[in-house]
Amino acid sequence: MSVRRSNFASTTAIYAMLSPTFLLLAVFSLVPFVWAFVTSFFDYEVGGEFRFVGMDNYTEYLHDPTLLPSFGNLLFLTLFGLLVVSTVPLAIAKLIFCLKSERARYLYRVLFLIPIVVPGVAGMMIWQGMIYNDTGLLNETLRLFGREDLTRGWLSDPRTVLWAVVFMGFPFAGGINILIYYAGLAGISESIHEAAELDGARGLIKFLKVDVPLVLSQVKLLTILTVIGTVQGFEGMFILTKGGPGFKTMVPGLWMYMNAFSFQRMGYACAIGVILFLLILGLTVLNMKYFRSTEDLKAEGV
Amino acid sequence: MVIVLGLATWALWPRGASPSGTDAHTHTDSQPRKYTIRVAPGIYLPGTRPQDLGSPLKGLADVTRAFEKLYPDTRIEFTAAPVGQREYLITQLAAGQAPDIINVNVGDVWQDVQKGWYLPLDKYLEEPNPFIPKGQPGSKQWWDQFKYQAISRSKTAPDGKVYCVTYDMVETGIFYNKSIFAKLGLHVPRDWSEFLQIQLKLKEAGITPFLADSGSIADWGVDLIFNQLYGSIIPGIKIKRDPSREAHLSRFFDWDELAYLNTKGFFTRRDPRFIETFRLLKGWRQFFEKDMSTSNLTKEFVTQRGAMYWTGSWEVNRLTRDPDVGFDWGLFYLPPIPQSFDRFADGHDQCVIGGSGTQFEVTNSAFVDTGNPETSEKLKRAIAFIQFLTVPKNVDHVVNEISCFLPNVVGADPKPELKPFDTILQREFANTKWLFTFDLRFDEIMRRMLDLYINGGISEDEFMSWMETNVKTACDTIVRRKRIDLSKFDAKWKELAPLRVGMKELPSER
């Protein structure tokens, strides 16, 4: 009896300690989500009345002229982001890992991590002002070589704007992603490398055949984070282009924001938000189900 | 460690608020008073230097001190709150925390009038201004004080009420570099053909002929070209006649008229004038600066890389005070489009597109003391403050401290350098304010797609498809939201049929 009572007390204490966290989570994350879901069935402006419209907000969005361009942009940004996140940081992590000196490895890890202290917004402003501006690095370089004809507003020219946006942060070499891959590489047993070398695997072949399959867990993690970040994120576009020129860089998240806070169409914005939620959920489930991590491969005996 | 502690202490040390910062607050003293009126006065914020030129402003602070002497229980507190940012304003208004008196474009206010966030001012405008001596304009009705009556009264919201006091006037004009014009033997153009020829010569001389941003083209450009191309057919399609409107606004299309005309094929791809409006803008685009979105146009003009600059009266302040302006400049208005240039035009003078630069609205925060405007003592003081501001000598002291806008009060003359704008403001008003007639979604889409079209991002057909859908959606929305019965115009439309006979290329009705 006393053991049961002790277990009960212990369990109660754990729940009591968890409850503040859960309460805050509920108030600031779960309730707003439910609220947004409910609001998506209403025509609602801030300060106005709720008017039930059923699925109208959803059907309207399906006919919204920004739907196709914005999801097209989102697809492009996501694919580009995935390409970058699965190649450059991994290659750099491998290069650092291959350094002989532990001190050098440490130094380079720190150096590549330092850029994350610069806020993302500040980084964008730097690119916008110093690189893409009319008198920025790109145009001035072109002028230096007498190619005034090639100068342009890189962020306002519809032909260049999307590429200008995705190339911000080039050469994509800083940040936490390198450390994630580095940790994955560090977790690979030395004996596996030795065995691969005995089998004649060297250099790039060893990297592709041994290292890459063994860091798939990290690839999977970064893939999920990149997809979620790209679908949810719109602040970059908001700061740089406001989704323009036209809708050339519009993304669904930004259109959601504009409908909510510029046009005050909260119900409509919530409907877009719910669609984005379902999209992220679907992509994550697909990723979890079909993208096999290192552990999955081990479990399958591959 | 010492350095870190030192930096932390420096960062946390309390400082006085900077008047130029966005959170700046200024008031005249720290004496406790019963009522505090928070005012976001826009460009006249005491202590700031508009366009970073001249001495810090003090005109409004002077006037406020005089007001506070009359009302010892009231403190006026100024704020640089970003009320022009819609996201900020909406959240503050919804929470009842917005400044009591704000300066916001009426287009934004109209979106929200049904929510009770703003106070209708008709009652006060129809009563005397207590600060005006008997026999002077304003002593019978506050309304009488305003110089540009038609524009001021055109600020009436869709619900028929007035929510703003139009304090000053702003108008656009084309500033041109006289030195460059003289050097190339150019003169002020008399019509559109000459205007384009001048720009061609400037371009051939390696000078950017015309400086204008995309926003101005979507706003002013569309309204002016529209007026030129539709001017001759207005007698046959103007279905509302409001005798209470003065001649200044007699040709203006309200949203219900636009919605009705849209059902008759106007503003669609079946309307050649509508297509031509945007086609002319695109043709003109070749003479503008390369990057219409991010170029610093003032810098381009001041450094003489651009010969003409289409901007507002506020630029006079810079051009008269900036020591870097080393050339003579002049001002002219957009010239008319002759029929020889475009088959739809008839060569009549360009219309006026300006309006109030500063307009004061009273928010729901102003009667928070009782929650009832009828009984609020705080509100009485807020209204009194605006009335006090519109006394001619006070307007003169505030508005004419800088050379940006023209006083909108009888008895307060504009500064000499702004007088050309006074002449422009006497013209007939534009037929439409496309960007401000419908909702903000319409505005957003039109701006974006026009920008894309004139910069070669989409074809004319694609652009017209967007515009057609945009106009239709906006018309449908306004008819639904305002519960407008368009059939009331049928009789007038039939009555005007004889006038439309002989008018060429009207859109076919379906």
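Procedures and definitions
- Residues numbered from 1 in each chain as written.
- Chains lettered and ligands numbered in written order.
- Predicted model: local features only at pLDDT ≥ 70, side-chain atom pairs only at ≥ 80, totals over all residues.
- Helix = DSSP H or I, 4+ residues; strand = E, 2+ residues; numbered from the N terminus.
- Rg over C-alpha atoms; globule rule 2.2 N^0.38 Å.
- Buried ≥ 20, exposed ≤ 12 C-beta atoms within 10 Å, placed from the backbone.
- Contact = placed C-beta atoms within 7 Å.
- Axes fitted to C-alpha atoms, helices over the stretch in contact; angles between N-to-C directions.
- Parallel < 35°, antiparallel > 145°, perpendicular 65-115°, else oblique.
- Left-handed = near helix turned anticlockwise from the far one by under 90°.
- Nonpolar A, V, L, I, M, F, W, Y, C, P; charged D, E, K, R; others polar.
- Domains from an automatic or database assignment.
- Core = buried A, V, L, I, M, F, W, Y, C linked by C-beta atoms within 7 Å.
- Pairing = 2+ DSSP bridges.

(A) Main features of the overall build of chain A. Within chain A, the secondary structure is distributed over 16 helices and 2 strands. In terms of overall size, chain A is more extended than a compact globule, its C-alpha atoms giving a radius of gyration of 25 Å where 302 residues would be expected to give roughly 19 Å. Across its three principal axes, chain A shows a C-alpha extent of roughly 90 × 70 × 35 Å. Within the span of chain A, comprising 302 residues, buried residues form 27% of the whole.

(B) The interface of chain B and chain A, seen in detail. In this complex, chain B contributes 28 residues to the contact, which on the side of chain A involves 21 residues. At the level of elements, α3 (86-94), α19 (440-454) and α20 (460-481) of chain B are the ones that each hand at least two residues to the side of chain B that touches chain A. Ranked by residue count, the leading element in the side of chain B that touches chain A is α19 of chain B, at 7 residues.

(C) Broad picture of the packing of helix α12 (residues 272-285) of chain B against α19 of chain B. All names here are of chain B. At their nearest, the axes of α12 and α19 sit 9 Å apart, and the two run at 50 degrees to each other. The angle between α12 and α19 places the two elements in the oblique class. Between α12 and α19 the crossing geometry is right-handed. Residue-level contacts link F278, L281, K282 and R285 of α12 to L450, Y453 and I454 of α19. Partitioned by chemical class, the residues of the contact of α12 with α19 number 5 nonpolar, no polar and 2 charged.

(D) Seen up close, the domain arrangement of chain A. You can read the domains of chain A as domain 1 (1-28) and domain 2 (40-299). If you average the C-alpha positions of domain 1 of chain A and of domain 2 of chain A, the two centres end up 39 Å apart.

(E) Quick peek at the domain arrangement of chain B. Examined at the domain level, chain B breaks down into domain 1 (19-166 + 359-404) and domain 2 (172-354 + 431-500). Here the side of domain 1 of chain B that touches domain 2 of chain B is built from residues that sort into 6 nonpolar, 7 polar and no charged.

(F) Region of interest: the packing of helix α9 (residues 176-186) of chain A against helix α12 (residues 216-232) of chain A. Residue and element names in this part refer to chain A. The N-to-C vectors of α9 and α12 enclose an angle of 155 degrees; their axes lie 9 Å apart at closest approach. If you check the angle between α9 and α12, you find them roughly antiparallel. Note on packing geometry: the crossing formed by α9 with α12 is right-handed. Mapping the contact onto sequence places N177, I180, Y181 and G184 in α9 and S217, Q218, L221 and L222 in α12. Considered class by class, the residues forming the contact of α9 with α12 number 4 nonpolar, 4 polar and no charged.

(G) Region of interest: the nonpolar core. Residues and elements named next belong to chain B. One finds I101, M308, F385, M446 and M449 to be the most contacted residues of the largest nonpolar core, which totals 146 residues. Domain assignment of the residues forming this core places at least three in each of domain 1 (19-166 + 359-404) and domain 2 (172-354 + 431-500). Leaving out residues up to four positions away in the same chain, M446 has contacts with A218, W434, L435, M467 and N470.

(H) Expanded view of α9 of chain A. For α9 of chain A, the full list of buried residues reads N177, I178, I180, Y181, Y182 and G184 of chain A. Where α9 of chain A is buried, its residues meet α3 (67-85), α4 (88-97), α5 (102-113) and α12 of chain A.

(I) Here's a closer look at the environment of G283 of chain B. Of note, G283 of chain B is situated in helix α12. Between the C-alpha atoms of G283 of chain B and I454 of chain B, which are 171 residues apart in sequence, the distance is 8.0 Å.

(J) Here's a closer look at the environment of T241 of chain A. All names here are of chain A. Structurally, the position occupied by T241 is in the loop between α13 (235-240) and α14 (252-262). Remark: the alpha-carbon pair of T241 and S156, spanning 85 residues in sequence, is separated by 7.5 Å. Discounting residues that sit within four places of it in the chain, T241 has contacts with L155, V161, V165 and T249.

(K) Seen up close, helix α10 (residues 190-198) of chain A. With 0 of 9 residues buried, α10 of chain A lies mostly on the surface of the structure. Just downstream of α10 of chain A, G200 of chain A is the residue with a positive phi angle, here 95 degrees.

(L) Molecular detail of unusual backbone geometry. Residue and element names in this part refer to chain A. Between F170 and the following residue, P171, the backbone shows a cis peptide bond with an omega angle of 10 degrees. Along the chain, P171 falls in the loop between α8 (161-166) and α9. In this model, G244 is joined to P245 through a cis peptide bond whose omega is 0 degrees. Note on placement: P245 falls in the loop between α13 and α14. In this structure, F172 takes a positive phi of about 60 degrees despite not being glycine.

(M) Highlighting the pairing of strand β2 (residues 35-40) of chain B. When β2 of chain B meets strand β3 (residues 74-79) of chain B, the two strands line up parallel, connected through 5 bridges. Directly across from R38 of chain B, in β3 of chain B, lies its bridge partner E77 of chain B.

(N) Spatial organisation of the sheet that holds strand β9 (residues 306-312) of chain B. Residues and elements named next belong to chain B. Spatial strand order, β8-β9-β7-β10: 4 strands in an open sheet with mixed pairing. Two strands close off the open sheet at either side, each with one partner strand: β8 (208-211) and β10 (329-332). Going from strand to strand, the sheet's axes swing by 20 degrees on average, the running direction of each strand aside. In this sheet, β9 lies alongside strand β7 (residues 172-177) in antiparallel orientation, the contact comprising 5 bridges. From the neighbouring strand, I174 faces β9, where its bridge partner is W310.

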